[in-house]
Amino acid sequence: MNQLRKMKKLASTAVFFLVLMQVQVFTAPNVMAQVTTGNLQGVVTDPNKAVIAGATVRITNMDTGRTVETTTNDEGFYRVTNLIPGDRYRIEITSSGFSKTLENVPVRLGIENSADIMADVAGTGEVVDISAGAQLIESTQSQLSTNYTPEQLTQLPYVGSIDNLALLTPGVVTPGDTDFAN
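Read on for an overview of the structure.

## Regarding the pattern of salt bridges
Counting across every chain of the model gives six salt bridges. Residue Arg79 is joined to Glu112 by a salt bridge in which the shortest nitrogen-to-oxygen separation is 2.5 Å. Taken together, the residues span a long stretch of sequence, with Arg79 in strand β4 (residues 77–83) and Glu112 in strand β7 (residues 112–114) at a distance of 33 residues. Classification of Arg79 as partly exposed rests on a relative accessible area of 38%. Here Glu112 falls in the buried class, since its relative accessible area comes to 12%. The salt bridge partner of Asp87 is Arg108, with a shortest N-O separation of 2.5 Å.

This is the structure in structure tokens:
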């Protein structure tokens, strides 16, 4: 009889924890990833458009001085992640017999920023200033994103949390808000 009571108590405790776990799983708020960095990638080629494998790629944030270094793979491809968004990055390419420097390369938030580079024969290189604006169509991935300048942030109409700025992005709606679209 004593053992039967222990079994019932154990069963009721197990059921209680099972119900508690289900409540936590189904009532937990949706957690959305917040992206705070951008990536920079590209292919390094020589003047004949042949890829340069093993080239050293040095990327420097000209505002902070932070430098990241990587090497191109066998296809001449490089990729650097977790860069702070900004408009003033310098990319320096060095390889046996080749070099190139690009300045003012923009890195945008949450996307794969592309910077393909044609290196010059060493000794004939020049610094190229990239002053064009960001591309209007993102062709490497499909996601909704918007970048705001500090000036825009002071002028935009948002209430409460800064996370509400996401709702100003075209195509973004809140969960359960089926009749609202911007």
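## Looking at the environment of Arg58
For Arg58, the location among the structural elements is in strand β2 (residues 56–61). Residue classification places Arg58 among the partly exposed positions, given a relative accessible area of 34%. Residues Arg58 and Glu92 lie 34 residues apart in sequence; the distance between their C-alpha atoms is 5.1 Å. When near neighbours in sequence (up to four residues on either side) are disregarded, Arg58 contacts Thr67, Val68, Glu69, Arg90, Ile91 and Glu92. One polar contact links Arg58 to Glu69, side chain to side chain, over a distance of 2.7 Å.

Conventions we followed
Residues numbered from 1 in each chain as written. Predicted model: local features only at pLDDT ≥ 70, side-chain atom pairs only at ≥ 80, totals over all residues. Heavy atoms only, no water. Salt bridge = Lys/Arg side-chain N within 4 Å of Asp/Glu carboxyl O. Helix = DSSP H or I, 4+ residues; strand = E, 2+ residues; numbered from the N terminus. Buried < 20%, exposed > 50% of the residue type's maximum accessible area, 1.4 Å probe, protein only. Contact = heavy atoms within 4.5 Å. Polar contact = N/O pair within 3.5 Å; in protein donor to acceptor, adjacent residues only side chain to side chain.

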